Structures are given as C-alpha cells and as structure tokens.
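Summary of structural features
Here's the letter readout for the chains.
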Amino acid sequence: TNIVLVCVLVISLIAIGLYYLMESNRNIENNRNVEHFESQPAELNNLSEKPNPKGKDLIIVLFYVDWCPHCVSTKPEWEKLVNNMNNTNIKGNNVKVNACNAEGTQVEKDFSNENNVQGYPTIKLIKEDEVIDYNGARNAEAMEEFIKDNAN
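Residues numbered from 1 in each chain as written. Predicted model: local features only at pLDDT ≥ 70, side-chain atom pairs only at ≥ 80, totals over all residues. Heavy atoms only, no water.

1. Side note on the sheet that holds strand S2 (residues 88-90)
Spatially, 5 strands are ordered S2-S3-S1-S4-S5 in an open sheet, and the strand pairing comes out mixed. Whereas interior strands pair on both sides, the edge strands pair on one side only; in this sheet they are S2 and strand S5 (131-134). For this sheet, the mean inter-axis angle between neighbouring strands, taken without regard to orientation, is 30°. Sheet topology note: the strand S1 (residues 57-64)/strand S3 (residues 93-101) ladder contains 8 bridges and is parallel. Its bridge partner being in S3, Phe63 is matched across the sheet by Cys100. Running at roughly 105° to S3, helix H3 (residues 106-114) makes contact with S1, S3 and strand S4 (122-126) of the sheet. (Pairing = 2+ DSSP bridges. Helix = DSSP H or I, 4+ residues; strand = E, 2+ residues; numbered from the N terminus. Axes fitted to C-alpha atoms, helices over the stretch in contact; angles between N-to-C directions. Contact = heavy atoms within 4.5 Å.)

Printed below as a string of structure tokens:
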C-alpha cells in the first residue's frame, strides 16, 4: 500500500508540474504577443501643431504611446470617435478629435508635457479657458456623451 501511495503522489506531482509548465508557456506567449504587437491604428488625427481652441472650439485629445496595450485597444474606438465627431457642431461648439503620440514629434512631446500627461492612454477635452480630464469608459459612445455633456 505504501508503494501505491508513493506512485499516486509522484503521478500527482508530475501532473501538477505539467499543468504549471503549460500555463507558464501560455503566459509567456501572451506576454510576447503584448510586447511585440503591431500597432495598426486607425485613422488617428495626430497633431502637427499645438491646439489653440478659441471661442466655441472643443478639442478632445487622446494622448498615447505605441508600446501601450491599453492605447492599442483604445485606438479602434478612437477611430469611431473621429468618424462620428470630428469637424461636427455640438450645441454651437466646433468639435475636433485629435491624437497625440507622447513619444512622437517634438510638438507632441511638448504638448503632452504641458498637459501633465503621466499615464496612457489619457484623454482630455480642451476648451479656450479649461482642460477637462476624461475618466470614463474607453469606447466611442461614452466619449461622445462626454463631449456632449461638456459642450456649453
């Protein structure tokens, strides 16, 4: 009976070890996919000059970096926002939807620094005299609602 007990114990330990080995390999593969993803964003309207909203201008900006997986997952929703809201008029406000690669051009780096961007993605609504941080869901519908709620 001791031999049977030892055999069961050894087989159990081998099975547990194989399970953890397979999980470890799967996690390594998932991390490899995250680390080496291809960023194929959508139609991002990247900044070529610093936004300077005047009067009834509303400029919503996505601050991102290419290596951030959360930014990558936000980009398709941002493309929807661009398609739905860029160059539209909401409650008399001219809406512009832009993106800013915080590690991109010098203009983008400077603009990110001026807006105290600490993490990615960061979304801000910029008016002539006010900057409003967006903390909602990273989907186009929620961001559209945020723009409408802050158009006055």
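2. Re the side chain of Lys127
When you line up the elements, Lys127 lands in the loop between S4 and S5. Its relative accessible area of 10% is what places Lys127 among the buried residues. When near neighbours in sequence (up to four residues on either side) are disregarded, Lys127 contacts Pro53, Asp57, Leu58, Ile132, Asn150 and Asn152. (Buried < 20%, exposed > 50% of the residue type's maximum accessible area, 1.4 Å probe, protein only.)

3. Examining helix H2 (residues 69-85)
With 17 residues, H2 ought to run about 24 Å at 1.5 Å a step, and its terminal C-alpha atoms sit 24 Å apart, in line with that. Turning to H2, its buried residues number three or more, namely Cys71, Thr74, Lys75, Glu77, Trp78, Leu81, Val82 and Met85. The secondary structure elements touched by the buried residues of H2 are S1, S2, S3, S4 and helix H4 (140-150). The first or second residue beyond H2 is Asn87, which carries a positive phi of 60°. (Expected span 1.5 Å × (residues − 1).)

4. Some thoughts on the pattern of salt bridges
Evaluation of the coordinates by the stated rule reveals 5 salt bridges. Note that Asp133 and Lys124 form a salt bridge whose closest N and O atoms lie 2.7 Å from each other. When its relative accessible area of 8% is taken as the criterion, Lys124 is described as buried. (Salt bridge = Lys/Arg side-chain N within 4 Å of Asp/Glu carboxyl O.)

5. Observations regarding H4
Looking only at H4, the buried set comprises Ala140, Met143, Glu144, Phe146, Ile147 and Asn150. In an axial view of H4, the angular spread of the buried residues amounts to 155°, which keeps them on one side of the axis. H4 presents Glu141 and Asp149 as exposed residues on the side facing more than 90 degrees away from its buried surface. The secondary structure elements touched by the buried residues of H4 are S1, H2, S3, S4 and S5. (Arc of directions from axis to C-beta.)

6. Some remarks on the environment of Val82
Within the fold, Val82 resides in helix H2. Each C-alpha atom of the pair Val82 and Ala99 lies 9.6 Å from the other, and the pair is 17 residues apart in sequence.

7. With respect to the state of the cysteines
Following the criterion strictly, the structure yields 0 disulfides and no others. Take Cys71: it sits in no disulfide, and the sulfur closest to it among the cysteines is that of Cys68, at 3.2 Å. The exposure class of Cys71 is buried, given its relative accessible area of 1%. (Disulfide = S-S within 2.5 Å.)

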